[in-house]
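Survey of secondary and tertiary structure
Listed here are the chains, written in short residue letters.
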Amino acid sequence: MAIQQHRHCIICEKAIPTDEKFCSDRCESIYEERRKKARRTQLLFYGSFAVIIGWFLLMAFTQGG
Ligand SMILES: [Zn+2]
């Protein structure tokens, strides 16, 4: 007797076949939306980090005179 393999939808935890990642297109779009948002947050984080570094460099150069 084979053990039936299954996994869970990463959004709503519903049981789905192993070759599927989501139970529906709706869950897939929710996931994509979350991923995009996380990416945006990450970009914002690195962006502000770059600005801070840039600002420190600018200060270092302007105080050199
Ligand atoms: Zn789902």
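Residues numbered from 1 in each chain as written. Predicted model: local features only at pLDDT ≥ 70, side-chain atom pairs only at ≥ 80, totals over all residues. Heavy atoms only, no water.

Focus: the coordination of the zinc ion
For the zinc ion, the full set of protein donor atoms is Cys9 (SG), Cys12 (SG), Cys23 (SG) and Cys27 (SG), and the range of their distances to it is 2.3 Å. Between the 4 donor atoms coordinating the zinc ion, the angles at the centre fall across 102 to 118°, so the site counts as tetrahedral. Mapped onto the sequence, the residues coordinating the zinc ion show the spacing C-x2-C-x10-C-x3-C. We classify cysteine 23 as partly exposed; its relative accessible area is 28%. (Donors = N, O, S within 2.8 Å, 3.2 Å for Na, K, Ca; no water. Tetrahedral: all angles 85-135°; square planar, octahedral: opposite > 155°, others 65-115°. Buried < 20%, exposed > 50% of the residue type's maximum accessible area, 1.4 Å probe, protein only.)

Points about the packing of aromatic side chains
Aromatic ring pairs: the centre-centre distance and the angle between the two ring planes describe each pair. Scanning the entire structure with this criterion turns up 3 aromatic pairs. Measuring from centroid to centroid gives 5.2 Å for phenylalanine 22 and tyrosine 31, while their planes differ by 50°, and the two rings are tilted. Since its relative accessible area comes to 23%, tyrosine 31 is described here as partly exposed. Measuring from centroid to centroid gives 5.4 Å for phenylalanine 45 and tyrosine 46, while their planes differ by 75°, and the two rings are edge-to-face. Its relative accessible area of 53% is what places phenylalanine 45 among the exposed residues. (Phe/Tyr/Trp six-rings, centres within 6.5 Å; stacked < 30°, edge-to-face > 60°.)

Considerations on the environment of lysine 37
In this structure, lysine 37 sits in helix α1 (residues 25-62). Accessibility expressed as a relative area gives 53% for lysine 37, which makes it exposed. The spatial distance from the C-alpha of lysine 37 to the C-alpha of threonine 62 is 37 Å, given a sequence separation of 25 residues. (Helix = DSSP H or I, 4+ residues; strand = E, 2+ residues; numbered from the N terminus.)

Notes on the nonpolar core
Counting 5 residues, the largest nonpolar core is built from Cys9, Ile11, Ile16, Phe22 and Cys27. Setting aside anything within four residues of it in sequence, one finds isoleucine 11 in contact with Phe22, Cys27, Ile30, Tyr31 and Arg34. (Core = buried A, V, L, I, M, F, W, Y, C linked by side-chain atoms within 4.5 Å. Contact = heavy atoms within 4.5 Å.)

Comments concerning the confidence of the model for the chain
Across the chain, pLDDT averages 93, with 92% of residues at or above 70. For the chain, strand β1 (residues 7-8) is the element with the lowest average pLDDT, namely 94, and α1 is the one with the highest, namely 97. (pLDDT = per-residue confidence, 0-100.)

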